[in-house]
Structures are given as structure tokens and as C-alpha cells.
Amino acid sequence: MMSMGGPMDSMSPTGDMLQQQPSQPAQAAMAPSGSTVRINSANLLKVTYSRTISSISSGIAAGVLGLTGIQGMLFYFLSCLMMTGALIAKTKAKPQLYLTNSWKATILDGVFDRNIILPYLLFWTFAYAICHIY
């Protein structure tokens, strides 16, 4: 089977998407090793993929439901809250094992990131136009 280079190709053998960073002694924690940096960047990429897919599906749902204005944006923040809850559940409330800037990356980075909110707006308006205007 040919690999397409998607986010699922780098899953661990146990089926977990996020890879745990290797534990390091307290003195070595100041300068992260190469493997820790690679695992952190891979995990951040997986979180971004997850947030983007969630944003697209939420935008489609908001458009199909006919949400407009403030209701649509509140739906976006609700979907971000649900995605954050899923990430916290996936990391078993210990994101510091998977991400170096753990709580910031888990809670805040995806909410106001243009790569997350713009697909939501695009698919929200597209689904609304297809379902309610045409």
C-alpha cells in the first residue's frame, strides 16, 4: 500500500496519534534534544490537522443549520471548545507530555489562528449559500 504522507501515516504502533516525548533528566530539560523537537513539531502538526478538519466540519454544519452572524461565530467558539476538550481527553489532561508549550498549544493556539478560522468561514458561507440561497 502506498503512503500518501497524511497525518495518519505517522501514527505510533499502538494506534495513538500523538507521540509522547521521551523523559529527560532535569539538567537536560533546558536544551531539548533533536528527537524531542521532532516529536513536538510532529505533535503540533497533528493538532493543527485535527483543528483544521474540525473547523471545516463545523463550518459545514453551521451553514447547513442556517446560522448567521453572532450565532455562527458562537458555534465556531463552541466547536473550538469541544476540540480543546477532545485534545485534553486524548492527552489524559497531561499535554506537557506531548507538547512543550502544552496548555497554550492545547487551548489558545487554534482558536484565533487564521489557518483555522478562515476554513471555517469559507465552508460556513459555502454551505449556507448552497443550502439556503440556491
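Our structure's up above, just so we're on the same page.
Treat the numbers as computed from the prediction; the structure is a model and nothing was measured.

1. Quick word on empty space enclosed by the protein
A full pass over the atoms with the stated rule returns 2 cavities of 30 Å³ or more. Contributing to the lining of the largest cavity are Arg 51, Ser 54, Ser 55, Tyr 76, Ser 79, Cys 80, Met 83 and Ile 116. Listing elements by their share of the lining of the largest cavity, those giving two or more residues are α1 (34-65) and α2 (70-90). Top contributing element to the lining of the largest cavity by residue count: α2, with 4 residues. By volume, the second largest cavity is sized at about 30 Å³. In this structure, the second largest cavity is lined by Leu 18, Val 47, Leu 87, Thr 91, Leu 99 and Thr 106. For the lining of the second largest cavity, the residue count by class is 4 nonpolar, 2 polar and no charged.

2. Quick notes on α2
Between its terminal C-alpha atoms α2 stretches 30 Å, which fits the 30 Å expected from 21 residues at 1.5 Å a residue. All buried positions along α2 are accounted for by Gly 72, Tyr 76, Ser 79, Cys 80, Met 83, Thr 84 and Leu 87. Across the axial projection of α2, the buried residues extend over an arc of 140°, all falling on one side. Residues of α2 that are exposed and point more than 90 degrees away from the buried face comprise Ile 70, Leu 74, Leu 81, Met 82 and Ala 89.

3. Points about a nonpolar patch on the surface
Together, Ile 70, Leu 74, Phe 77 and Phe 112 make up a nonpolar patch on the protein surface, roughly 470 Å² of accessible area in all. Among the secondary structure elements, Phe 77 is positioned in helix α2. Residue classification places Phe 77 among the partly exposed residues on the basis of a relative accessible area of 35%.

4. Digging into the environment of Met 73
Inspection of the secondary structure assignment puts Met 73 in helix α2. Separated by 11 residues in the primary sequence, Met 73 and Ala 62 place their C-alpha atoms 9.1 Å from one another. In contact with Met 73, not counting residues within four places along its chain, are Ile 117, Leu 121 and Trp 124.

5. A few points about the packing of aromatic side chains
If you walk through the whole model with that rule in mind, you get 4 aromatic pairs. The interplanar angle of 40° and the centroid separation of 5.5 Å between the aromatic rings of Tyr 120 and Trp 124 together place this pair among those described as tilted. Here Tyr 120 and its partner Trp 124 are both found in helix α4 (residues 114-133), 4 residues apart, which amounts to about one turn of the helix. Just as Tyr 120 is buried, Trp 124 falls in that class too. Ring-pair connections join several aromatic residues into one group, and the members of that group are Tyr 76, Phe 77, Phe 112, Tyr 120 and Trp 124.

About the thresholds
Residues numbered from 1 in each chain as written. Predicted model: local features only at pLDDT ≥ 70, side-chain atom pairs only at ≥ 80, totals over all residues. Heavy atoms only, no water. 1 Å grid on protein atoms, 1.4 Å probe; cavity = no way out; pocket = protein on both sides within 12 Å on 5 of 7 lines; lining within 4 Å. Points joined across faces, edges and corners; volume = space filled by probe spheres on them. Helix = DSSP H or I, 4+ residues; strand = E, 2+ residues; numbered from the N terminus. Nonpolar A, V, L, I, M, F, W, Y, C, P; charged D, E, K, R; others polar. Expected span 1.5 Å × (residues − 1). Buried < 20%, exposed > 50% of the residue type's maximum accessible area, 1.4 Å probe, protein only. Arc of directions from axis to C-beta. Patch = residues over 30% accessible without salt bridge, like charges linked within 9 Å, V, L, I, M, F, W, Y side chains within 5 Å. Areas by Shrake-Rupley, 256 points an atom, 1.4 Å probe, with all protein chains shown as cover. Salt bridge = Lys/Arg side-chain N within 4 Å of Asp/Glu carboxyl O. Contact = heavy atoms within 4.5 Å. Phe/Tyr/Trp six-rings, centres within 6.5 Å; stacked < 30°, edge-to-face > 60°.

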